[in-house]
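Listed below, chain by chain, are the residues.
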Amino acid sequence: MPPHERLLVVLTDQRDDSPSKGVTMRFVMGGGKSRLVYIPRGVAHGGANVWQNPAFNYYFVNQQFSLEKPDEGRLPWDFLGADVWDIAKG
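Let me sum up the structure you'll find in this document. Starting from 1, residues in each chain are numbered consecutively following that chain's sequence as written. Restriction of local features to residues with pLDDT of at least 70 applies here, the model being predicted, together with a cutoff of 80 or more for giving and counting side-chain atom pairs; totals for whole chains, interfaces and linings are based on all residues. In computing side-chain values, all of the structure's heavy atoms are included and hydrogens and water are not.

**Examining the overall build of the protein**
Step number 1: A tally of regular secondary structure across the protein gives zero helices and three strands.
Step number 2: Along the longest, intermediate and shortest principal axes, the C-alpha atoms of the protein span 35 × 30 × 20 Å.
Step number 3: Restricting the contact set of the protein to residue pairs at least 6 apart, pairs at least 24 apart contribute 64%.
Step number 4: Note that accessible areas follow from Shrake-Rupley with a 1.4 Å probe, and for residues the cover is restricted to the protein chains shown. Surface summary for the protein: the accessible area is close to 7,200 Å², and the carbon and sulfur share equals 55%.
Step number 5: Neither His nor the chain termini are counted; the positive set is Lys and Arg, and the negative set is Asp and Glu. Charge positions come from single atoms, namely NZ of Lys, CZ of Arg, CG of Asp or CD of Glu. Of the side chains in the protein, 10 bear a positive and 10 a negative charge, and the two mean positions are spaced by 9 Å. Only DSSP runs of H or I reaching four residues or more are called helices, and only runs of E reaching two or more are called strands; each is numbered from the N terminus. Any two residues having at least one pair of non-hydrogen atoms within 4.5 Å are treated as being in contact.

**Let's talk about the layout of surface pockets**
Step number 1: The calculated volume of the largest pocket comes to roughly 1,600 Å³.
Step number 2: Considering the residues around the largest pocket, the lining is formed by 42 residues, among which Ile-39, Val-43, His-45, Tyr-59 and Phe-65 are closest to the centre.
Step number 3: Of all the secondary-structure elements, those providing two or more residues to the lining of the largest pocket are strand 1 (6-13) and strand 3 (43-49).
Step number 4: Charged means Asp, Glu, Lys or Arg here, nonpolar means Ala, Val, Leu, Ile, Met, Phe, Trp, Tyr, Cys or Pro, and polar covers whatever is left, Gly included. Tallied by class, the residues present in the lining of the largest pocket amount to 26 nonpolar, 11 polar and five charged. Here the term cavity refers to a set of points on a 1 Å grid, laid over the protein atoms alone, in which a 1.4 Å probe fits but cannot get out; the term pocket refers to an open set having protein on both sides within 12 Å along at least five of seven lines, with lining residues being those that place an atom within 4 Å of a point. Grid points are joined across faces, edges and corners, and a volume is the space filled by probe spheres set on the points.

**So, a nonpolar patch on the surface**
Step number 1: Like-charged residues are merged into a patch within 9 Å and nonpolar side chains (Val, Leu, Ile, Met, Phe, Trp, Tyr) within 5 Å, provided each residue has over 30% relative accessible area and no salt bridge. One side-chain nitrogen of Lys or Arg within 4 Å of one carboxyl oxygen of Asp or Glu is enough to make a salt bridge. A contiguous nonpolar patch, built from Phe-56, Tyr-58 and Phe-60 and spanning about 440 Å² of accessible area, is present on the exposed surface.
Step number 2: With respect to the element layout, Tyr-58 can be found in the segment after strand 3.
Step number 3: Per-residue accessibility, obtained with a 1.4 Å probe over protein chains only, is compared with the maximum for each type, and a residue is labelled buried under 20%, exposed over 50%, and partly exposed between these values. Classification of Tyr-58 as exposed rests on a relative accessible area of 55%.

**Regarding the nonpolar core**
Step number 1: Here, nonpolar core means buried Ala, Val, Leu, Ile, Met, Phe, Trp, Tyr and Cys residues that are tied together by side-chain atoms lying within 4.5 Å of each other. Among the nonpolar cores identified, the biggest contains six residues, and these are Met-1, Leu-7, Val-9, Leu-11, Met-29 and Val-43.
Step number 2: Of the residues forming this core, the biggest block, three residues, is contributed by strand 1.
Step number 3: Setting aside residues up to four positions removed in sequence, Leu-7 forms contacts with Met-1, Phe-27, Val-28, Met-29, Gly-47, Ala-48, Asn-49, Val-50 and Asn-57.

Purely geometric numbers; function is a separate question.
In structure tokens:
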């Protein structure tokens, strides 16, 4: 994430064999510092632009997405409840 932008990131561990299965994290990337996050296979993730300007998200993968089934494993945006995307000022 470039330092001059902001992105709300939500991660939730869906791996059956993980001690953190079901744990959800929310954090804002950017905001003055360049950020990089590694997301292991089986950790559901999403991002939302939390400011008025366009934001760029650079996304690297270690396996090509399926051309036959491009939404492989996709969860609904409100899988964790719509309020997971709410921003509380504080």
